[in-house]
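# Observations on the model geometry
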Amino acid sequence: MRVIIKSNYDEVADWAATYIAYKIKRARPTASKPFVLGLPMGDTPKGMYKRLVEMNRARQLSFANVVIFCMNEFIGLDKKAPQSCHSYMKEYLLDHVDSKASNVYILDGKTNNYEKECENFEHAILEKGGIDLFVGGVGSDGHIAFNEPFSSLSSRTRVKTLTTETMKVKAKLFDNDIQKVPHMVLTVGIGTIMNAKEVLLLATGEEKANATKAAIEGSINHRWAVSALQTHRHGIYLCDEGAASKLEQETVTYLKDIERNAY
């Protein structure tokens, strides 16, 4: 697992966007062989999306042949609801780049058949040849996508119940009223994420320090979903100084030294 520690949020956002752009351009995607990208919602990736939009507007990057799979959706929300993944992705990325609607896959929170919806999502990923790069944010309790603590590390796209802590965090999207927050979601599984050819996880701020310590210095266990990244052949954990603040100093020194000599 590669660990990159940047000074602050803006540096994390810039590095992530630059790396995504590099991977897309290096792949030279075409309509018949697109680059397949998994993307998250939430606060952490907003700066990354802003930078990607800037690159697209400057014609430094195209999403024309990029297929996008989004990580999760609230059950019961119409796609036009402002809190939905559909609305989020349109606001922060899709309405501002040259992506094609036919290349975007987002789970339907209003479906009448959750199991079929999840099966279809997994099948679509396989049909596209698997995900080339899955990008995700890290929760303060170590969740990735909506795989809460004690989720199976081999889980696939499914229905998941949110913890009260996660619902409190998401309440800001629902007029700060936790009663309005859907308590169930559709989410990709940890196994779905780890099946990607490459995984990039983002963690910023001191509230992510415990999760970062567990991800990097802890054991692989389902208490900390993020620890699954240790098993990935091409996993990158990108964080800022705040998120890295509980790591052993020896760990930080070693990781920064490795990156200083990286190429």
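Described in the following lines is the structure provided in the data block. Bear in mind that the values here come from a model prediction, so they are computed numbers and not experimental data.

All right, on to the overall build of the chain then. If you tally the helices and strands in the chain, you get eight helices and ten strands. Relative to a compact globule of 263 residues, whose C-alpha radius of gyration would be 18 Å, the chain shows 17 Å and is just as compact. Referenced to the eigenvectors of the C-alpha coordinate spread, the extents of the chain come out at roughly 50 × 45 × 35 Å. A total of 263 residues make up the chain; the buried ones form 56% of that total. One finds the centroid of the 34 positive side-chain charges in the chain at a distance of 5 Å from the centroid of its 32 negative side-chain charges.

A word on the packing of aromatic side chains. Scanning all chains against the criterion turns up eight aromatic pairs. Ring geometry for W15 against Y19: centres 5.0 Å apart, planes inclined by 10°, an arrangement best described as stacked. With W15 and Y19 both in helix α1 (residues 9-27) and four residues apart, the pair spans about one turn of that helix. Residue W15 shares its accessibility class with Y19, and that shared class is buried. One Lys or Arg, R223, reaches over the ring of W224 and ends 4.3 Å from the middle of that ring.

On to unusual backbone geometry. It is generally the case that most residues other than glycine have a negative phi and that most peptide bonds are trans. One non-glycine residue, A145, lies in positive phi territory at about 55°. Looking at the element boundaries, A145 is found in the loop between β6 (133-137) and β7 (158-161). Positive phi, normally seen in glycine, also occurs at N176, with a value near 60°. Judged by its relative accessible area of 63%, N176 is exposed.

With that settled, the discussion passes to helix α7 (residues 209-217). Within the sequence span of α7, burial applies to A209, A211, T212, A214, A215 and I216. On the buried face of α7, the contacting elements are β1 (2-6), β9 (199-203), β10 (235-240) and α8 (249-260).

For a regular strand, side-chain orientation follows a simple rule: the groups alternate between the two sheet faces. Here strand β3 (residues 66-70) lies mainly inside the structure; five of its five residues are buried. In this fold, the crossover linking strand β2 (residues 35-39) to β3 by way of helix α2 (residues 46-57) has right-handed handedness. With two bridges joining them, β3 and strand β5 (residues 104-105) adopt parallel strand pairing. Following the sheet pairing, F69 is matched in β5 by Y105.

Moving on, we get to the sheet that holds β7. Spatial strand order, β4-β8-β7: three strands in an open sheet with antiparallel pairing. A single partner strand is all that each edge strand has here, and the edge strands are β4 (72-74) and β7. Pairs of neighbouring strands in the sheet enclose a mean axial angle of 30°, with direction left out of account. As judged from the four bridges shared by β7 and strand β8 (residues 184-187), these two strands associate in the antiparallel manner. Bridged to V159 within β8 is L186.

Analysis parameters
- Residues numbered from 1 in each chain as written.
- Predicted model: local features only at pLDDT ≥ 70, side-chain atom pairs only at ≥ 80, totals over all residues.
- Heavy atoms only, no water.
- Helix = DSSP H or I, 4+ residues; strand = E, 2+ residues; numbered from the N terminus.
- Rg over C-alpha atoms; globule rule 2.2 N^0.38 Å.
- Buried < 20%, exposed > 50% of the residue type's maximum accessible area, 1.4 Å probe, protein only.
- Lys, Arg positive; Asp, Glu negative; His and termini not counted.
- Charge placed at Lys NZ, Arg CZ, Asp CG, Glu CD.
- Phe/Tyr/Trp six-rings, centres within 6.5 Å; stacked < 30°, edge-to-face > 60°.
- Lys NZ or Arg CZ within 6 Å of the ring centre and 35° of its normal.
- Contact = heavy atoms within 4.5 Å.
- Right-handed = clockwise from strand over helix to strand, strands pointing away.
- Pairing = 2+ DSSP bridges.
- Axes fitted to C-alpha atoms, helices over the stretch in contact; angles between N-to-C directions.

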